Amino acid sequence: MAHFLTYLLLSFLIIYDSLGLSQSNQFCDAGVGYPESTCGFSSSSSSKLLIKGGTVLNAHQQEVADVYVEDGIIVAVKPNIKVDEDVTLLDATGKYVMPGGIDPHTHLAMEFMGTETIDDFFSGQAAALAGGTTMHIDFVIPVNGSLVTGFEAYKKKAKKSCMNYGFHMAITKWDESVSREMEIMVKEKGINSFKFFMAYKGSLMISDELLLQGLERCKSLGALAMVHAENGDAVFEGQKRMIDLGITGPEGHALSRPPVLEGEATARAIRLAKFVNTPLYVVHVMSIDAMEEIARARKSGQKVIGEPVVSGLVLNDSGLWDPDFVTAAKYVMSPPIRESGHDKALQAALSTGVLQLVGTDHCTFNSTQKAFGIDDFRKIPNGVNGIEERMHLVWDTMVESGQISVTDFVRITSTECARIFNIYPRKGAILVGSDADIIIFNPNSSFEISASMHHSRTDTNVYDGRKGKGKVEVTIVGGRVVWQDNELKVVPGSGKYIEMPPFSYLFNGIDKADAKYLSSLQAPVKRYFTAS
Ligand code: URP
Ligand code: ZN
Ligand code: ZN
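Since the model is a prediction, treat every value here as computed from it, not as a measurement.

Quick notes on the rules
- Residues numbered from 1 in each chain as written.
- Chains lettered and ligands numbered in written order.
- Predicted model: local features only at pLDDT ≥ 70, side-chain atom pairs only at ≥ 80, totals over all residues.
- Heavy atoms only, no water.
- Donors = N, O, S within 2.8 Å, 3.2 Å for Na, K, Ca; no water.
- Tetrahedral: all angles 85-135°; square planar, octahedral: opposite > 155°, others 65-115°.
- UniProt positions renumbered as here; feature names shortened; annotations may be inferred.
- Helix = DSSP H or I, 4+ residues; strand = E, 2+ residues; numbered from the N terminus.
- Buried < 20%, exposed > 50% of the residue type's maximum accessible area, 1.4 Å probe, protein only.
- Contact = heavy atoms within 4.5 Å.
- Phe/Tyr/Trp six-rings, centres within 6.5 Å; stacked < 30°, edge-to-face > 60°.
- Near = heavy atom within 4 Å.
- Polar contact = N/O pair within 3.5 Å; in protein donor to acceptor, adjacent residues only side chain to side chain.
- Areas by Shrake-Rupley, 256 points an atom, 1.4 Å probe, with all protein chains shown as cover.
- 1 Å grid on protein atoms, 1.4 Å probe; cavity = no way out; pocket = protein on both sides within 12 Å on 5 of 7 lines; lining within 4 Å.
- Sits in = over half its atoms within 2 Å of the grid points.

Caption draft 1: Layout of the coordination of the zinc ion (ligand 3). The protein atoms that coordinate the zinc ion (ligand 3) are H105 (NE2), H107 (NE2) and D361 (OD), at distances of 1.9 to 2.2 Å. Given 4 donor atoms and angles of 87 to 138° at the metal, the environment of the zinc ion (ligand 3) is assigned as irregular. Every donor residue of the zinc ion (ligand 3) comes from the same chain, spaced as H-x1-H-x253-D. The distance between the zinc ion (ligand 3) and the zinc ion (ligand 2) comes to 3.8 Å.

Printed below as a string of structure tokens:
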């Protein structure tokens with residue numbers, strides 16, 4: 001039986017390789033040669049694991065304790081747990097034991113700007129696991145406006161998954177059938193968030209009218225509305241302006257869509273969400289302009305979540321002016337990476353709670369794909385990497401600099417995402433009953449990022465050459481060790497789709513506020529008509 005399974009696995013991998021789907025990087029030997037019980041995770045096999053002597057980090061506390069796992073679930077968290085000999089032991093003395101990262105914003109196998117992202121649901125997830133992220137939430141793009149068809153297409157793409165994943169759904173057009181399908185997504189498919197693109201004119205962009213209808217529908221379903229906030233009409237004009245000036249290179253990308261356009265769209269989306277009285281999630285907050293709109297709304301009591309991404313937190317736009325096209329083009333993403341100063345302001349906003357969690361917007365294209373825009377920056381596929389680098393860069397930038405505590409690190413990389421998308425404490429916590437998605441992090445070790453060593457399929461890395469303190473030494477998904485000693489043990493097809501229920505904590509009190517509003521109207525006024 002074991003031989004047959006190995007044969008099946010080998011056959012799959014040979015086909016996989018012959019399709020050019022694997023790369024020379026270290027992920028996957030894909031479990032070949034590993035017994036079934038150590039390859040990814042499978043619901044049928046049992047596993048017992050004891051992580052001894054570490055400092056267990058949750059968003060709400062830290063404590064020195066052992067963590068005992070059976071069949072993919074944490075069953076005990078306390079000091080000095082005694083176990084039988086058949087249990088796998090991991091020594092975490094002097095290290096942190098914390099929930100695996102959850103990346104709220106990725107694009108794997110996404111068809112976009114005439115091509116498809118180079119990382120699919122296997123290579124992107126392998127990269128994530130090597131960097132300590134055990135779950136991500138990807139964006140389903142509807143097919144010809146159909147949500148159901150889009151969902152089925154992404155289900156197929158995700159068949160090769162090797163970790164936990166969930167879906168958001170983009171809304172790209174509006175009619176009765178979209179409205180109906182939104183309900184199906186929420187009630188039957190485990191999707192509790194919908195994204196509206198206010199940019200990408202001519203492809204994904206929606207109108208204010210659609211956004212309003214979408215916000216209303218999200219509210220009625222208990223689903224979270226998300227926005228890509230840039231003024232798409234003005235971006236379109238800005239792009240023409242650059243081309244007319246003869247600025248066709250990657251720097252034209254940044255110049256054509258300045259922070260003011262991100263601030264304007266963020267403010268507009270926030271005000272429309274206030275008008276509807278529904279929570280709003282602003283993805284990839286890249287500028288002070290957008291961040292300040294979120295800060296103002298939150299201060300006034302509005303439920304607005306702001307998600308910075310790693311590129312916005314740790315990079316500035318100087319790379320876009322690099323004379324080498326390949327180097328400059330790899331930094332092209334939207335909204336653009338901003339001038340120095342925005343990065344530090346976003347870090348400060350994250351440390352003070354103005355922004356709540358960190359994503360990556362991992363959306364990778366290799367240099368051949370980026371070269372589609374060699375003569376015209378508008379044709380450079382938008383997107384950067386980050387799914388593997390997020391945990392290390394956030395630790396180094398935020399914790400090592402003293403801006404946040406170690407427990408805050410857990411909150412912004414895992415717990416808050418689980419709360420917002422309504423899967424806490426199953427995810428985002430080291431608690432009895434939580435899924436055993438765990439990392440062992442050595443704060444005294446170090447990391448180094450390089451395009452030649454990363455696990456993504458892309459041939460460039462926007463963080464190439466970065467070094468820092470801290471290292472994810474072990475990643476555990478569903479109770480299985482999948483990353484240890486710098487080696488991945490993952491199998492395509494072993495991943496798990498995580499359904500996310502509607503009506504997260506963000507919806508608490510919405511009905512009461514609506515009732516209060518209605519009772520405050522003093523209308524309709526009962527009038528009489530006095531004829532003169
Ligand atoms: O440049 C980006 N961000 N590409 C991915 C699509 C999006 O806007 O999130
Ligand atoms: Zn976007
Ligand atoms: Zn995105």
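Caption draft 2: Fine view of the UniProt feature "modified residue: N6-carboxylysine" (unreviewed entry) in the protein. UniProt's entry tags K195 with the feature "modified residue: N6-carboxylysine" (unreviewed entry), counted in the numbering of this structure. Looking at where K195 falls in the secondary structure, it is placed in strand 11 (residues 193–197). A relative accessible area of 1% means that K195 is categorised as buried. Setting aside residues no more than four positions away along its own chain, K195 makes contact with H105, H107, F139, M169, A170, I171, M226, H228, V283 and H284.

Caption draft 3: Layout of the packing of aromatic side chains. Summed over the entire model, instances satisfying the criterion amount to 17 aromatic pairs. Ring geometry for Y96 against W395: centres 5.7 Å apart, planes inclined by 50°, an arrangement best described as tilted. Placement of the pair is Y96 in strand 5 (residues 96–99) and W395 in helix 14 (residues 390–399), with a sequence separation of 299 residues. For the residue pair Y96 and W395, the accessibility class agrees, reading buried in each case. Ring plane angle 55° and centroid distance 5.7 Å describe the contact between F197 and Y200, whose orientation is recorded as tilted. This pair shows no difference in class: F197 is buried, exactly as Y200 is. One aromatic cluster is present, formed by F121, F151, Y154, Y165, F167 and Y497 through successive ring pairs.

Caption draft 4: Inspection of the site of ligand 1 at higher detail. Not every one of the 14 residues close to ligand 1 is listed here, only the nearest: H107, Y200, H228, S334 and D361. Taking H107, its side chain carries an N or O atom lying 3.1 Å from an oxygen atom of ligand 1. Within the backbone of G383, one N or O atom sits 3.5 Å away from an oxygen atom of ligand 1. Burial of ligand 1 by the surrounding chains reaches 100%, relative to a free accessible area of 270 Å². When each cavity is represented as a set of grid points, ligand 1 is found to reside in the largest cavity.

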